[in-house]
Amino acid sequence: MICLFTISLRAQHTITIDALLKPATKELNITQQIVYSNTSKDTLREIYLNDWANSFSSKTTPLAKRFAENYDSSFHFEKDKDRGKTTIFSITNAQLVPITWQRGDEVDIIKLSLDTPLLPGDSFTINLLYTVKVPNDRFTRYGVSKTMDFKLRYWYISPAVYDGTWHAYSNKNTDDLYLLPSNFSLTLRTPKQYHVVSDFDWISERNSENEKITQLSGLDRTRAIVHLERIPSFESVETDKVEVITNLQEKKVNHLIRALVIDRITHFLDNRLGPYPFKKMVISDSDYRNSPVYGLNQLPDFINPFPDGFEYDMEQLKTITRNYIENTLPLQPRDDYWLTGALQIYLMMEYVDTYYPKMKLLGSISDFWIIKWSHASKLEFNDQYPLLYLNMARSNLNQSLSTPKDSLVKFNKNIANDYYAGDGFEYLADYLGKETLAKSIKQLYAEKKLQRVRSSDFETVLSQNTEAPVNWFFDDYVNSESTIDFKINKVEKKGDSLVVTVKNLRDHTMPVSLYGINKDQIIFKQWLPPIDSTATVTVASKDVKKLVLNYEASIPEYNQRNNYKNVTGLLNRPIQFRLFQDVSDPKYNQLFFMPIFEYNLYDGFTLGPKLYNKTVLAKAFHYNISPQYGFRSKTLLGSGSLIYTQNYKDNSLYAMRYGVAGSYFSYDTDLFYRRLTPFMTFAFRNKDLRDNEKQFINLRSVNIYRDENPNGTNETPNYSVFNAQYVYSNRNLVNFFRGTADYQISDKFSKVSATFEYRKLFLNNRQLNLRLFAGAFIFNDTREDEDFFSFALDRPTDYLLDYNYYGRSESRGLFSQQIIIAEGGFKSKLDPPFANSWITTLNASTNIWNWIYVYGDMGLVHNKAQGTTFVYDAGVRASLVADYFELYFPIYSNLGFEPNLPHYDEKVRFIVTLDLKTLLGLFTREWY
């Protein structure tokens, strides 16, 4: 142990750590002392400690469950030796008497039971002896790397915060450990080749015979991040404000430019916030990659649409700003995090406005000839923030800024909520004036730096600096999930004035700006006070041709298309035609068109224009008309749809969708079908958006009109089927369940069926897949030798035209080997292939090595003329991408040992999904 340094009066606790690094076993042997100070008004009989290093200890911890919820399988399949854990040998008091302690179900929280109550103002000494196994850095970018560098973040045991309530909660990969400013003393014992990087003050470093001993001290710190590197990757940039130690690299930017960039950022933050209270700041690549500048980090290295140094500037700006705020304003990071995000994003927006005022969102790509026509090419760099928030709002997935951080869906946690918070400050700045907001931010920082701070403190400061009401921002903008939407209800001309009625379409109270426009010139701008329902204002009509709400888009409004009202004329927004899907331009009624390519065996490649109104952000009403020409069928084909979606908040019924869809394509050589389907869907979910449980009720009428096949006299060419379906879905990485109940009725038949799918990923990494299907006809008036509407054992006839068959009428050849797991779900082609009475089947598979599975199917098939037949098959399944690209190799079935049968290659079945939207779901499911 090393001696404690002088205790700052603001510091709540002192934490002394002596840690020995053992690279061979990836362990830290730690001797630690915590002097816990009871600064509350309550007498404490227990103390809680955070042991987040132990959150990596098994596949069932809250952290492991969070990885699984996000469809991140790397942790589940990792070897135990690479996961990490804490092994505690002893916990004693100042007299070295053992303290009673326990872990609950949340293995990363420790509860100490005190023999003597701890009175307000008193301190209690806790001595700990434990070993931390450092996890692999692939999970959170902190831990031990492939090169045996150690990036340590949650590597020590820390005291939880008590303020009348214990803030002791588990690590859920949300980077929100709560520790009030404390005094740290660190002694790090490492092999000699390791270099220590920390923002703590350097006390000493010496080499003994077998190790290097480094002593560090940090006063008023809320975290103790340490990097131990064998080969140094950090460089130091000395500014006259703070020394920045960073390993963020940019090959195209030399050291001098990097230093100038960092110097400019630190001066900007010093000016906008106030002086940074510490000498050093460490900005690591791990920090940046955990919260990158989204958009920039997605571009390949060979694409560089921004000027040299801009990307590096933005990367450093975002990471430095976050560290600046988090290290000095200790907000409760799980429940009161929004203010940190608001300050970070708003300061970034101000920085870009100051130093890159003409920077476009797409950079130099905006000048590319095929992009230049688009509205996206005209967006400023700062326009991305409301755009990405609205992506979630339009998808009905937005969550309030006061939602606990561990309850946010990943996209909201990483992107949307911080962006919405920053937009909120932009809203305030326009409403109150930039000077008022800037003054309030600096005052908050000066008064609360290195002290416990709450977002309510900012409301107090803001109210002191303005006479305008600001409670609406905290009550409705921060605490409400409701989106923002205003419209101009009515405009009346009275003499030389205009009487304007503005309606707030949402259930909250907020202000809005009103503009008078003549062409693109602003004639006047006026802020209306907070509106709860409607407000009427009288403005001068001179030179005003159009009235617009929120014209400069300082408010992140759900729908700006209803903000326009012509003083004279019919169309409030003129019609605009655009090539390819674009970002919505609220000034216009936009119609998009783009070429569309598709393929099926009978039409060949089809090409045509797709005419639609769907923008990058979802809309309530969508239309789509896609006429196409089939180069093989030499026929004009196509499809179209009209769909309206009505979203609901704070309701288990979260969406209703109505619509009609139609299509005209070939179903066989020189034979065509016409399909018309009106439909309605009711969608239900839990209020917890992280819960994947959903329920759907689907109602539709499928009307099919087909050219009669002269070679298929038993088939019914035209028919209509009413279909009612209930779907229950709970999709998760470890436990997957989906159940469907289906009812169909037509003039010739009525049938019911149920499908249950279950997938279990066990702790030993074995995966079991089960699927049960059962179906029966209520009545079946089709001919006994006509199986067009019958249940299928292996390949449904798809009379409702739901499945993406590339050769739907093929009975032999490659296209007949395409399989879609539906109805019976068999992989071998057995007799009887159909059931005109009832069927029940069970499909099962389990993995034997990585993506290699064995499968087995069995079932009963009943036909009126043949009775009941027992069927079975088994084989090997190569699941390269589950449900999207798979191969099935039959081995044994009712037919016998199938590899010995003739033409075995024709018995192999395949699943191939070419639909980009479906494949995209593989990557977006972890974000939404």
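Since we're looking at a predicted model, the values are computed, not measured. (Residues numbered from 1 in each chain as written. Predicted model: local features only at pLDDT ≥ 70, side-chain atom pairs only at ≥ 80, totals over all residues. Heavy atoms only, no water.)

**Description of the overall build of the chain**
A count of helical and extended segments in the chain gives eleven helices and 47 strands. Relative to its length of 928 residues, the chain is compact, with a C-alpha radius of gyration of 32 Å against a globular reference of 30 Å. Put simply, the chain has 928 residues, and 55% of those count as buried. Considering only intrachain contacts with a sequence separation of at least 6, the fraction spanning at least 24 residues in the chain is 62%. Just so you have it, the chain exposes about 40900 Å², and 54% of that area is on carbon and sulfur atoms. (Helix = DSSP H or I, 4+ residues; strand = E, 2+ residues; numbered from the N terminus. Rg over C-alpha atoms; globule rule 2.2 N^0.38 Å. Buried < 20%, exposed > 50% of the residue type's maximum accessible area, 1.4 Å probe, protein only. Contact = heavy atoms within 4.5 Å. Areas by Shrake-Rupley, 256 points an atom, 1.4 Å probe, with all protein chains shown as cover.)

**A closer look at the packing of aromatic side chains**
Counting across every chain of the model gives 66 aromatic pairs. Geometrically, the ring pair formed by Tyr427 and Trp527 is stacked, given 6.0 Å between the ring centres and 25° between the ring planes. In this pair, Tyr427 is assigned in helix H7 (residues 410–432) and Trp527 in strand S24 (residues 521–531), connecting sequence segments 100 residues apart. Note on Phe773 and Phe791: the rings are 6.0 Å apart at their centroids and 65° apart in plane angle, and the pair reads as edge-to-face. (Phe/Tyr/Trp six-rings, centres within 6.5 Å; stacked < 30°, edge-to-face > 60°.)

**Some thoughts on helix H4 (residues 310–326)**
In a regular helix each residue adds 1.5 Å, so 17 residues correspond to 24 Å; H4 covers 24 Å between its end C-alpha atoms and thus fits that length. Among the 17 residues of H4, 16 are classified as buried, and the element is accordingly described as predominantly covered. (Expected span 1.5 Å × (residues − 1).)

**Some details on the sheet that holds strand S19 (residues 243–246)**
Taking strand neighbours across the sheet as the criterion, the three strands line up as S18-S19-S20 in an open arrangement whose pairing is mixed. Here the strands that pair on one side only, and so sit at the sheet edges, are strand S18 (235–238) and strand S20 (280–283). Adjacent strand axes in the sheet meet at a mean angle of 20° when their direction is disregarded. Strands in contact with helix H2 (residues 255–272) are S18 and S19; relative to S18, the strand with the most contacts, it is inclined by about 55°. Each of S18, S19 and S20 is contacted by H4, which is oriented at about 125° to S20, the strand it contacts most. (Pairing = 2+ DSSP bridges. Axes fitted to C-alpha atoms, helices over the stretch in contact; angles between N-to-C directions.)

**Looking at the pattern of salt bridges**
All chains considered together, the criterion is met by 40 salt bridges. A salt bridge links Lys151 to Asp137; the shortest N-O distance between them is 2.8 Å. Here Asp137 lies in the loop between strand S7 (123–133) and strand S8 (143–144) and Lys151 lies in strand S9 (residues 150–152), a separation of 14 residues in the sequence. One exposure class covers both Lys151 and Asp137, and it is buried. Two residues, Arg808 and Asp798, come together in a salt bridge whose shortest N-O distance is 2.7 Å. Residue Arg808 is located in the loop between strand S40 (791–792) and strand S41 (834–835), and its partner Asp798 is located in the loop between S40 and S41; the two are separated by ten residues in the primary sequence. For Asp798, a relative accessible area of 5% puts it in the buried group. Here the salt bridges do not stand alone but share partners, grouping Lys172, Asp176, Arg334 and Asp406 into one network. (Salt bridge = Lys/Arg side-chain N within 4 Å of Asp/Glu carboxyl O.)

**Here we look at the confidence of the model for the chain**
Predicted confidence across the chain gives a mean pLDDT of 92, with 96% of residues reaching 70 or more. In the predicted structure, residues 1–10 sits below a pLDDT of 50 and forms 29 contacts with residues beyond four places in sequence or in another chain. (pLDDT = per-residue confidence, 0-100.)

**Regarding the side chain of Asp287**
Relative to the assigned elements, Asp287 resides in helix H3 (residues 285–290). Residue classification places Asp287 among the buried residues on the basis of a relative accessible area of 15%. Among residues more than four places away in sequence, those in contact with Asp287 are Tyr142, Arg153, Val282, Thr319 and Asn323.

**A closer look at the packing of helix H5 (residues 338–355) against H7**
The geometry of H5 relative to H7 is characterised by a closest axis approach of 7 Å and an angle of 65° between their N-to-C directions. Judged by the inter-axis angle, H5 sits roughly perpendicular to H7. The two elements H5 and H7 cross, and the hand of that crossing is right-handed. Each of Trp338, Leu339, Gly341, Ala342, Leu343, Gln344, Ile345, Tyr346, Met349 and Glu350 in H5 lies in contact with H7, whose residues at this interface are Asp418, Tyr419, Ala421, Gly422, Asp423, Phe425, Glu426 and Ala429. In terms of residue class, the contact of H5 with H7 is built from eleven nonpolar, three polar and four charged. (Parallel < 35°, antiparallel > 145°, perpendicular 65-115°, else oblique. Left-handed = near helix turned anticlockwise from the far one by under 90°. Nonpolar A, V, L, I, M, F, W, Y, C, P; charged D, E, K, R; others polar.)

**A word on the pairing of strand S15 (residues 201–207)**
The sheet contact formed by S15 and strand S16 (residues 212–221) spans six bridges and is antiparallel. Within the sheet, the bridge partner assigned to Arg206 lies in S16 and is Ile213. The hairpin formed by S15 and S16 contains four residues between the paired strands.

**What to know about the environment of Asp802**
Topologically, Asp802 is positioned in the loop between S40 and S41. Excluding its chain neighbours within four sequence positions, the residues that come into contact with Asp802 are Arg675 and Arg700. Of the polar contacts made by the side chain of Asp802, one reaches the side chain of Arg700; its length is 2.7 Å. (Polar contact = N/O pair within 3.5 Å; in protein donor to acceptor, adjacent residues only side chain to side chain.)

**Remarks on the sheet that holds strand S6 (residues 109–118)**
One key point about sheets: their strands pair by backbone hydrogen bonds, in either a parallel or an antiparallel sense. The strand order across the open sheet built from four strands is S5-S6-S3-S10, with neighbouring strands paired in antiparallel fashion. What marks the edges here is a single partner per strand, and that holds for strand S5 (100–103) and strand S10 (158–159). Examined bridge by bridge, S5 and S6 share four bridges and lie antiparallel to one another. Across the sheet, the residue bridging to Arg103 is Ile110, located in S6.

**Here we look at the environment of Glu235**
If you trace the backbone, Glu235 turns up in strand S18. You can call Glu235 buried: its relative accessible area is 14%. Through-space distance from the C-alpha of Glu235 to that of Arg138 is 24 Å; in sequence the pair is 97 residues apart. Those residues in contact with Glu235 that lie beyond four places of it in its chain are Val244, Ile245, Thr246, Gln249, His255, Arg258 and Tyr312. For Glu235, the side chain forms a polar contact with the side chain of His255, separated by 2.9 Å.

**Quick word on the side chain of Asp485**
Tracing the backbone shows Asp485 in the loop between helix H10 (471–478) and strand S21 (486–494). On the basis of relative accessible area, Asp485 is assigned to the buried category, the value being 4%. In terms of polar contacts, Asp485 uses its side chain to reach the side chain of Asn562, at 3.4 Å. Beyond its immediate sequence surroundings of up to four residues, Asp485 is in contact with Lys503, Asn504, Leu505, Arg506, Glu557, Tyr558, Asn559 and Asn562.

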